[in-house]
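# Architecture and fold: a report
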Amino acid sequence: MRLNKRYIIAVAVFVVSALCFHEGAFAQNDVQFTQYWAVPTYYNPAATGDIDFVRIRGGARMQWVGIDNAPRSFLAAADMPVKIGKKRIGVGVNMSQESLGLFSNMLVNAQGSYKMKFLKGVLSIGIQAGYYNTKFKGSEVYIPEGDDFHQPVDEAIPTRDVTGNSFDLSAGLWYTHKYFTLGISGLHLLEPTVRLDSEGAETAEVSQYETILKRALYFTASGNIGLKNTLFELQPSIMVKTDFDNFAAELTMRAMYNKFLSFGIGYRYKDAVCAMIAAEFKNFFIGYSYDYPTSAISKASSGSHEVIVGYRVKLDFSGKNKNKHRSIRIM
């Protein structure tokens, strides 16, 4: 089967980045959502149960459209607060799946958080346990012959499908105030080494290949600024992340009208400019964002598209009148 140059380049990039973890690029073990503010529990388990709703959200992202085998991602997440005596905790689950080149990664997590009053807000401490699985389709590797830049056989690249899995552990802090939220989390704290073995092998063999689920640190902050005598609110937010070798940051500014329609712009450092629009109506949520790359990848890609949808169900924690509801932010 004949493959074009862009496919070969994409495969090479993903093989090198996943197996060798070279310096100079942020390891994308986690799905990179432009609407990160809409799925806070994906990046921080302490954000679970921060509102008096059962919150369900799903997202899909098509990254670098125009490049063959570029990342395609999916996320499903749900969380809610639970009352135990006079205390409340947050619980949640999420599942993410991403395909990039010949790789396919899946992560399933169970989350919990404990909440307490702190200053004039609520501080949450969260933990997350997960199962991580990664696959590489070595049977589909194509190495061209007859030139000076490729070898017909490369022992560093599997020629059969290989897969591996590991236990994952994450933790975080989340502070909610009337006017802002702050969060810090450490994902993949154990930084497990995942050994990849051939699928369907009849005999147990020592694995020749391995990859690392790199430890990552995330910091997020967001605000809610009401504009006097208008129905508009400004909602700035920021996310900073590092795997301790590389750094990435994105800044977003959104405006919400009448608690219904929001629109905004964003910038991801040395990567992309973003535009987004979202609507909330009768507990339904839908958001769309478009990224235009500012890096050299713009020569091959027209940009990235992302959609997030969700629904939430109101919970009653008053214990007296089911028509009166109490905010989790003022426990």
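Conventions adopted
Residue indices follow the written sequence of each chain, beginning from 1 at its first position. In keeping with the predicted nature of the model, local features appear solely for residues at pLDDT of at least 70, side-chain atom pairs appear and are counted solely at 80 or more, and the whole-chain, interface and lining totals rest on all residues. No hydrogens and no water enter the side-chain calculation; it runs on all heavy atoms of the structure. Helix and strand definitions follow DSSP, with helices as H or I runs of at least four residues and strands as E runs of at least two, each counted in order from the N terminus. When a residue's accessible area, from a 1.4 Å probe over protein chains only, is under 20% of the maximum for its type it is buried; when over 50% it is exposed; and in between it is partly exposed. Only the protein chains shown count as cover for residues, and all accessible areas are computed by the Shrake-Rupley method using a 1.4 Å probe. Only buried residues count toward a nonpolar core, which is a set of Ala, Val, Leu, Ile, Met, Phe, Trp, Tyr and Cys residues joined through side-chain atoms within 4.5 Å. By definition in these notes, contact holds between two residues if any of their heavy atoms fall within 4.5 Å. Think of it this way: a Phe, Tyr or Trp ring, Trp meaning its six-membered ring, pairs with another when their centres are within 6.5 Å, and the plane angle makes it stacked under 30 degrees, edge-to-face over 60, tilted otherwise. Throughout this description, the term charge over a ring refers to an Arg CZ or Lys NZ atom that lies within 6 Å of the ring centre and within 35 degrees of the ring normal. Two strands make a pair as long as DSSP finds a minimum of two bridges between them. Whenever a nitrogen or oxygen atom comes within 3.5 Å of another N or O atom, the pair is scored as a polar contact, on the condition that within protein one atom can donate a hydrogen and the other can accept it, and that pairs from neighbouring residues in sequence are kept only if both atoms are in side chains. pLDDT is a per-residue confidence score from the predictor, ranging from 0 to 100. The term salt bridge refers to a pairing of a side-chain nitrogen on Lys or Arg with a carboxyl oxygen on Asp or Glu at a separation within 4 Å.

### Structural notes on the overall build of the protein
Check the secondary structure of the protein and you find two helices and 17 strands. Across the 331 residues of the protein, 45% fall into the buried class. Of the roughly 17,800 Å² of accessible surface on the protein, 62% is carried by carbon and sulfur atoms.

### A look at the nonpolar core
In globular proteins that are soluble, nonpolar side chains generally tend to be buried together. The biggest cluster of nonpolar side chains holds 18 residues, and the ones touching the most others in it are F33, W37, V39, Y42 and Y43. For this core, the secondary-structure elements that each account for two or more residues are α2 (40–43), β10 (216–223) and β15 (272–281). Per-element tally for this core: the top contributor is β15, with three residues. Not counting chain neighbours up to four residues away, the residues in contact with W37 comprise S237, T252, R254, M276, A278 and F285.

### Some remarks on the packing of aromatic side chains
Each aromatic ring pair is characterised by the separation of its centres together with the angle its planes make. All told, the structure shown has eleven aromatic pairs when counted by the stated rule. Measuring from centroid to centroid gives 4.9 Å for Y42 and Y43, while their planes differ by 80 degrees, and the two rings are edge-to-face. No difference in accessibility class separates Y42 from Y43, as the two residues are buried. Centroid distance F247 to Y269: 6.3 Å. Interplanar angle 70 degrees. Geometry classified as edge-to-face. Placement of F247 in strand β13 (residues 247–257) and of Y269 in the loop between β14 (261–268) and β15 is noted, with a sequence separation of 22 residues between them. Assessed through its relative accessible area of 40%, Y269 is described here as partly exposed. In textbook terms, an aromatic cluster arises when at least three aromatic residues are bridged by ring pairs, as seen for F33, Y42, Y43 and Y218. Here the basic side chain of R57 rests over the ring of F285, its NZ or CZ set 4.1 Å away from the ring centre. Seen from the ring of W37, R254 lies directly overhead, with NZ or CZ sitting 3.6 Å from the centre.

### Overview of the environment of A47
With respect to the element layout, A47 can be found in the loop between α2 and β1 (53–65). When its relative accessible area of 0% is taken as the criterion, A47 is described as buried. Once the C-alpha coordinates of A47 and K115 are considered, the two residues, 68 residues apart in sequence, prove to be 9.9 Å apart. Contact partners of A47, with chain neighbours within four places excluded, come to P40, T41, R55, D79 and W174.

### Considerations on the pairing of strand β7 (residues 180–187)
In the sheet, strand β6 (residues 161–176) pairs with β7 via six bridges, with the strands oriented antiparallel. The residue bridging L173 from the neighbouring strand is I184, located in β7. Between the end of β6 and the start of β7, which pair antiparallel, lie three residues. With eight bridges connecting them, β7 and β10 associate as antiparallel partners. Within β10, the residue paired with G183 across the bridge is T220.

### So, the side chain of R88
With respect to the secondary-structure elements, R88 resides in strand β3 (residues 87–100). Polar side-chain contacts of R88 include one of 3.5 Å to the side chain of D52.

### Structural notes on unusual backbone geometry
Even without glycine at this site, N69 takes up a positive phi of about 60 degrees. Counting through the fold element by element, N69 comes out in the loop between β1 and β2 (72–84). Relative accessible area serves as the criterion here: at 33%, N69 is assigned to the partly exposed category. Although it is not a glycine, K259 adopts a positive phi angle of roughly 55 degrees. Of note, K259 is situated in the loop between β13 and β14.

### Digging into the confidence of the model for the protein
Interpretation of this model should avoid reading the predicted coordinates in detail wherever pLDDT is low. Summing up the model confidence of the protein, the mean pLDDT is 84 and the portion of residues at 70 or higher is 82%. Contacts from residues 1–27, a stretch scored under 50 in pLDDT, to residues over four places away or in other chains number 50 contacts. In this model, residues 321–331 is a region of pLDDT below 50 whose contacts with residues beyond four sequence positions or in other chains number 30 contacts.

### Points about the pattern of salt bridges
Scanning the model with the defined rule gives 14 salt bridges in all. With a shortest N-O distance of 3.3 Å, K259 and E233 are connected by a salt bridge. One end of the pair, K259, is in the loop between β13 and β14; the other, E233, is in strand β12 (residues 232–242), and 26 residues separate them in sequence. A relative accessible area of 11% means that E233 is categorised as buried. The salt bridge partner of E250 is R268, with a shortest N-O separation of 3.4 Å.

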